[in-house]
Every structure is written in C-alpha cells, then in structure tokens.
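Survey of secondary and tertiary structure
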Amino acid sequence: MSAAPQEPDPRVAALEAELAAVRRREAEFRAKMVHEFLDRGERNTYLHVLREERAALIKRQQESFADLEELTRKLEAEGSRAAALEAELAGVRASWAWRLSAPLRALGRALARRAPPPPPAPAGVAGGVFTYYLHTSPFRIYRGGRFTLRGWAWPQDGRAVTAVRACVDGRAFDGRHGIEEPEVIARYGPQPANPRPGFEITFETPPGRHLLSLEARAEGGPWLRIMATTIWCEPERT
Amino acid sequence: MSADAQARWQAAASSLGERSAYKRVWDLQARDPDVASLSVAGHTDEATLELTARGFIDTLRSLVGVGPDDVVLEIGCGIARVGRPLSAECLHWFGADISAGMLGHAAARLRDRPNTTLVELATVGLQEFPRDAFDLVYCTVVFMHLFEWDRYRYVEESFRVLRPGGRCYFDNFTLDSAHGWNVFMEGARYPLERRPAHLSMSSSREELGVYLRKAGFADVRVVDLPNELIAATGRKPD
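Each value, and the rule that gives it
- Each residue is numbered by its place in its chain's sequence as written, counting from 1.
- Key to labels: chains lettered from A, ligands numbered from 1, both in the order written.
- Totals for whole chains, interfaces and linings use all residues, but because this is a predicted model, local features are given only for residues with pLDDT of at least 70 and pairs of side-chain atoms are given and counted only at 80 or more.
- Secondary structure counts use DSSP, requiring at least four H or I residues in a row for a helix and at least two E residues in a row for a strand, with both numbered from the N terminus.
- Burial is judged by counting the other C-beta atoms within 10 Å of a residue's own C-beta: 20 or more makes it buried, 12 or fewer makes it exposed, and any count in between marks it as partly exposed, with every C-beta position built from the backbone.
- Once C-beta atoms have been placed from the backbone, residue pairs whose C-beta atoms lie within 7 Å are recorded as contacts.
- Pairing between strands is defined by DSSP: at least two bridges between the two strands are required.
- The axes are straight lines fitted to the C-alpha atoms, using for helices just the contacting stretch, and the angles between their N-to-C directions are given from 0 to 180°.
- What pLDDT reports is the predictor's confidence in each residue, on a scale of 0 through 100.
- Side-chain classes are defined by residue name, with Ala, Val, Leu, Ile, Met, Phe, Trp, Tyr, Cys and Pro counting as nonpolar, Asp, Glu, Lys and Arg as charged, and the others, Gly among them, as polar.

Counting its secondary structure elements, chain B contains nine helices and seven strands. For chain B, with 238 residues in total, the buried portion stands at 46%. Within chain B, counting contacts between residues at least 6 apart in sequence, those at least 24 apart form 64% of the total.

So, about the sheet that holds strand E9 (residues 223–234) of chain A. All names here are of chain A. Here we have five strands laid out as an open sheet, ordered E2-E9-E8-E4-E5, and mixed in their pairing. Every interior strand has two partners, whereas the edge strands, strand E2 (141–143) and strand E5 (171–174), have only one. For this sheet the average axis-to-axis angle between neighbouring strands, irrespective of direction, equals 35°. Bridge analysis of strand E4 (residues 161–168) against strand E8 (residues 208–218) gives seven bridges, and the strand direction is antiparallel. Of the residues in E8, the one forming a bridge with Arg-165 is Glu-215.

This brings us to the pairing of strand E3 (residues 146–155) of chain A. The two faces of a sheet get side chains in turn, since along a regular strand they alternate between them. All names here are of chain A. Summarising burial for E3: seven of the 10 residues are buried, a large majority. Bridge analysis of strand E1 (residues 130–134) against E3 gives five bridges, and the strand direction is antiparallel. Among the inter-strand pairings, Tyr-133 is bridged to a residue of E3, identified as Trp-152. Across seven bridges, the pairing between E3 and strand E7 (residues 198–204) is antiparallel. Each residue of the ladder has a partner; that of Arg-146, found in E7, is Glu-204.

Here the focus is the confidence of the model for chain A. In the predicted model, chain A carries a mean pLDDT of 85, and 87% of its residues have values of at least 70. When mean pLDDT is compared element by element in chain A, E7(A) scores highest at 97, while helix H4 (residues 102–112) of chain A scores lowest at 69.

With that settled, the discussion passes to the interface of chain B and chain A. Across the boundary between the two partners, chain B contributes 19 residues, which contact 16 residues of chain A. Those elements that place two or more of their residues in the side of chain B that touches chain A are strand E2 (92–97), helix H6 (100–109) and strand E3 (116–120) of chain B. The element that contributes the greatest number of residues to the side of chain B that touches chain A is H6(B), accounting for four residues. Here the side of chain B that touches chain A is composed, by residue class, of 11 nonpolar, four polar and four charged.

A word on the sheet that holds E3(A). Residues and elements named next belong to chain A. In space, the four strands of this open sheet follow the order E1-E3-E7-E6, with antiparallel pairing throughout. The outermost strands of the open sheet, each flanked by one partner alone, are E1 and strand E6 (176–179). The average angle at which neighbouring strand axes cross in this sheet is 30°, direction not considered. Pairing geometry for E6 and E7, over three bridges, is antiparallel. Paired with His-177 across the bridge in E7 is Phe-199.

Here the focus is the environment of B:Pro196. Turning to its location among the elements, B:Pro196 is positioned in the loop between helix H8 (178–188) and helix H9 (205–215). Once the C-alpha coordinates of B:Pro196 and B:Val25 are considered, the two residues, 171 residues apart in sequence, prove to be 9.4 Å apart.

If you want it as structure tokens, here you go:
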C-alpha cells in the first residue's frame, strides 16, 4: 500500500520562491557590475580616446566631402555660364552691327551680366530621390585606370535596391550591392527593404573629362540616378 | 555557400607567420559579411547559422546547463551565431571577440536583443571583465584558430571571471575523427609559404583536460560530441 502524496508545504514553497527571486536579483546585480566595469574600463582606455578621435575624423571627412561636392557644383555652373557667354559674345562679334554700333556693344555687356542659365541636366536615366553617402568621394581628380566607388543608398520611397551601376559617358559598370553597413543602420534605424544598403562599383577612368552617373534600380522600376557629376581623369603619375 | 565567397575568403587569408596577430587576421576576415560568416561558421546562410547554433545550445544545455537567470559570456563570439538564439534563454549574454570587424556584424544581428552586450578584447585574455561575474563561460569552434598558450590563457581567465559554482565549456576537433583528419590533411596540403593564419589546429582530450585542471576547475570532464568535436567542461569550486 503506497503512501498518499503529500501536499507541498506552503512555507517551503514560499521559501523556494524567495530563494529564486534572490538568485535572480543577484544575477542582475552581477550583469550590472560587468556593465559598470566595462564602462569604467572603456572611459579609461586609450582605445576610447582613439574611438572619439576616429568619430571626429569621420565627421570632418564627411564635411570635407560635402564641401568638395559643393565646390564641384559651383565649378560646373561657372563652366556652363562661361560657355553660354562665350557663344553669345562670338555671335555678337561676328555681326556687322558690332563693328558699327557702340550701343550694341553696351547691350552685349548687359547680356553678360544676366543670370547664368542653369547647368544642363545630365543625360541618361531619370533622377531618383535617395538617401545616400559615398565613402570614397567621387569628387576628386582621378589618376589611374580604375576607381572603386563605395557607399550606401536607399530610395526614399521605401523600395528595395535590386542593382547598382556607374555610367561613365553612358558606358555602364555593374556594381555589387547588399553590403552590411551596421553603423548606418544604427544611425538611421532599420531599413526593412534595404537591411544591407552598402554597395561598391569599380569603373574605368580613361584620361579626359567625363560625366559620371551613379544609378540604382529599385524593385519593379527602371534605373534611377542617385547622383551625377562631371569628373576629370588624368594619366597616372609615373 | 557561393564559390565567390570562397574565393574572397582565400584572398583574405594571412600567412601562418601572423597567426598570433589575431586582431589583424580576424579583422581581415571580417571585412566582407559573407567571408566573416564563412570563416567563423563554415557557411553563409542564416537558416544554417540558426540550425547549427541550436544544435550547439542543445549540447551546452546537456553538458553544463543553461538557465534563465544565467549571466553568460562567450569567448570569440564572432558574428553572434550562438549569441542570438542563446540570449533568449538566459538573463544576459555577453559576447567577447578580438575582432572589431566581427563584432560589427554581430551588432547588426543582435539589434533586437536588448539583453546582449558585445565587448572588443584588446588582446588575448579577458582583462575587460571583472572577477566572479558569470554563471557560464563558453568558447566554441575557436580553439582551433589559437595557439596552445592562448587557449590556456582563455581557460585560466574564464576561471577568474566565473562566479564560484560557475560552469565552463570549451571545444575543439581531434585528429582521431574522420572530420578532424580531413581538416588536418587540408592544412597539410597548403604549400609551406602559403599556410593561412586561421588554419585550424586540433586538440587532444588530454590537452583540454589538463588546461581545465591546471586552471583550478573541479568536476572536469572531457566528452566526445556527436559532431566529432570534443568538449571539456568544469565548475569553479564554491
């Protein structure tokens, strides 16, 4: 004859629950202790100083790239303006009236003071609206036969990027996309359609002046221009 | 696993002479997410990563136990293959790795796991962590990439950071398994001057057992696992 199962002693159950709670608090305390130890160690290390310096340098680099981009835009605008004015001037000088009429010369000077026309839109695909950044700035003098553009981008309409390419005077160079950019995701938050927004594209840079167009294809859509700029390539220094 | 990733992995290899330069060797492996995954796990797809991690957690649970109140440290966590699922089963998971690049990939995979912390190790050892802090310290598929002295360094450091009563787990492959011999022969086939720094090297049962006993662990056991690895476990005496 077996003994009837005994009811658990409520005092024992209460003590066991209390013990479990104490163990939990003690473990939480240890986890907190590790974090405090890490924080203290981190603040006191040379590594921390280097990380702060690195963050400052990255910020400065980004500001420099932005400045360089603005300067390139200004240069392009001025180049377009100069071309338009030279064309106008040539036309005026070729006319008989130029030789005969001082008032027309005055008119030519007045035309030269007019606001410059906007720079012509780059030929090729339509422009899209992207959030992007280029780790290797394209705003530079290119030396050497090839260049690799690295960066990240996503369309602001939330679609996924399915391909990237660079076009140099219309010649396309396919790139690789889907590269991890953990710091970007940490800064901008999760990008469900583009969880790995990084890309890299290598293109050829023959000597001369060219139009570079960085383009992406979003799912179900045509190629869209992320950005475009004039580039100047020079022979590699020997 | 793509042939492309394999080729990039090979291209990222450093020479065996640099094996001790763990930070440099593994940061090089971590530059590309697929190469990072390949080099620490042998595959690149998320489903396989999850599957193998689950298998390891089952092993860990059966050999040393995993509890909801455990504060856990993984040495050489890489891309947090194990940490991601294990964090759901413990109070707090700490992942330590010598490669900041690997930790960058880990951070991206742990974004939705608030009870996780990643720590970059300055060098071999666990000097970033306080003593008597963890309930469980483990290190899986890492020892094959370390020299013997560094393996022991991690074992004795684990003893320091474990709380009294805390458990440890270390594994490696052996020469007397089919898998182990294949790995050995793959290494043997490299030309002398092209042996990569991350080349896998085996442990013996005796070696792992000696490390744990010399470090002060009690209840030391070395067991053969179904996946042809051997695992050494121990407990820090109360």
